[in-house]
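# A closer look at the structure
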Amino acid sequence: MLKIAVPKGVLFEPSLRLLKNCGYKIPSDFGRKLLIEDSNQQLSLVIVRPFDMPLYVEEGVVDVAFIGKDVIEETSMSCFEILDLGYGQCRLSVAVPGFSPYRSVEDFHSFIKVGSKYQNLSKKFFIEKGIQVRIFPLGGSVELSPIVGLSDAIIDLVSTGNTLKANNLVEIETILFSTSRLVVNDAKYRLKRKEINEFILRVKEVLNDIY
Ligand SMILES: Nc1ncnc2c1ncn2[C@@H]1O[C@H](COP(=O)(O)OP(=O)(O)OP(=O)(O)O)[C@@H](O)[C@H]1O
Ligand SMILES: O=P(O)(O)OC[C@H]1O[C@H](OP(=O)(O)OP(=O)(O)O)[C@H](O)[C@@H]1O
């Protein structure tokens, strides 16, 4: 049986939808269970917080996983990235308060404070720009930090832009674009190649019908 990790949160529903479209019989109501099986015993689903996903994949606890490109990059996740699944489109961007004098990263002339859930990508970005920053590691609601004076700017995910707009924040630079990806544990791909390739084929067929 193939073991797949699907991410909780924004990507959860579209991930389940994709698996159902692949023909897996996923129960519609499994409450708060975090390990579920399809009724044909072909697939075992592990429901994982996105930022925990690299551990489950790298430690070989699961064979394959659906995860956002942003998490793959932020965690330098060791895996085979097999397919772009197309959903969960967003971008990781720098944003500042509307009242801020900054309108481009180049304006960040001196030392600035940045709030983000993506510490590694934030550090990498500003090192490449040669800008001195202090990164405040935040777990969520990142847009709050510059509003209340904790930081001068944020680096966070943007999709529609509604959260930025609602909090009077201005997006000034995009660091990366992200969608959900199908990834495979390297060792498992060697051990269960036939089963994993069959799964990849089923996903590809469904994606070809959608896109
Ligand atoms: N607004 C969005 N639009 C599209 N995709 C998003 C959006 N926000 C997050 N994502 C994608 O969904 C993934 C999970 O994000 P989500 O906010 O649902 O969970 P999380 O905040 O990482 O987990 P938790 O809320 O438990 O801390 C992200 O890594 C990204 O790939
Ligand atoms: O551009 P938008 O469509 O407004 O989406 C962007 C928001 O989506 C995510 O929030 P979410 O509530 O998913 O996660 P969080 O717990 O990190 O805030 C992200 O952190 C942004 O806040």
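Residues numbered from 1 in each chain as written. Chains lettered and ligands numbered in written order. Predicted model: local features only at pLDDT ≥ 70, side-chain atom pairs only at ≥ 80, totals over all residues. Heavy atoms only, no water.

## Quick word on the packing of aromatic side chains
In the structure shown here, the tally under the stated rule is eight aromatic pairs. Here Tyr102 and Phe108 contribute two aromatic rings whose centre-to-centre distance is 4.7 Å and whose plane-to-plane angle is 80 degrees, an arrangement assigned as edge-to-face. Considered together, Tyr102 and Phe108 belong to a single accessibility category, that of buried residues. Aromatic rings pair up to connect Tyr102, Phe108, Phe125 and Phe126 into one cluster. The ring of Tyr24 has Arg202 sitting right over it, with the charged end atom 4.1 Å from the ring centre. (Phe/Tyr/Trp six-rings, centres within 6.5 Å; stacked < 30°, edge-to-face > 60°. Buried < 20%, exposed > 50% of the residue type's maximum accessible area, 1.4 Å probe, protein only. Lys NZ or Arg CZ within 6 Å of the ring centre and 35° of its normal.)

## Re the domain arrangement of the chain
The domain boundaries assigned to the chain delineate domain 1 (2-88 + 179-209) and domain 2 (90-178). Taken residue by residue, the interface counts eight residues in domain 1 and 10 residues in domain 2. Between domain 1 and domain 2 lies a buried interface of about 750 Å² when both sides are counted; carbon and sulfur atoms form 51% of it. When residues of domain 1 are sorted by the area they lose upon contact with domain 2, Phe51, Asp70 and Glu74 head the list and together hold 68% of the total. At the boundary of domain 1 and domain 2, one finds zero salt bridges. Viewed at the interface, domain 2 and domain 1 are joined by seven residue pairs in polar contact (both at pLDDT 80 or more). Residues that form the side of domain 1 that touches domain 2 fall into these classes: one nonpolar, three polar and four charged. (Domains from an automatic or database assignment. Contact = heavy atoms within 4.5 Å. Buried area = accessible area lost by both parts, 1.4 Å probe. Salt bridge = Lys/Arg side-chain N within 4 Å of Asp/Glu carboxyl O. Polar contact = N/O pair within 3.5 Å; in protein donor to acceptor, adjacent residues only side chain to side chain. Nonpolar A, V, L, I, M, F, W, Y, C, P; charged D, E, K, R; others polar.)

## Observations concerning the site of ligand 2
Neighbouring ligand 2 are 13 residues; Glu143, Ser159, Thr160, Gly161 and Thr163 lie closest to it. Between ligand 2 and Ser141, the relevant distance is 3.4 Å, taken from an oxygen atom to a main-chain nitrogen or oxygen of the residue. Side-chain polar atom of Thr163 to an oxygen atom of ligand 2: 2.5 Å apart, as the coordinates give it. In the complex, the protein chains occlude 65% of the 500 Å² of accessible area that ligand 2 would expose alone. (Near = heavy atom within 4 Å. Areas by Shrake-Rupley, 256 points an atom, 1.4 Å probe, with all protein chains shown as cover.)

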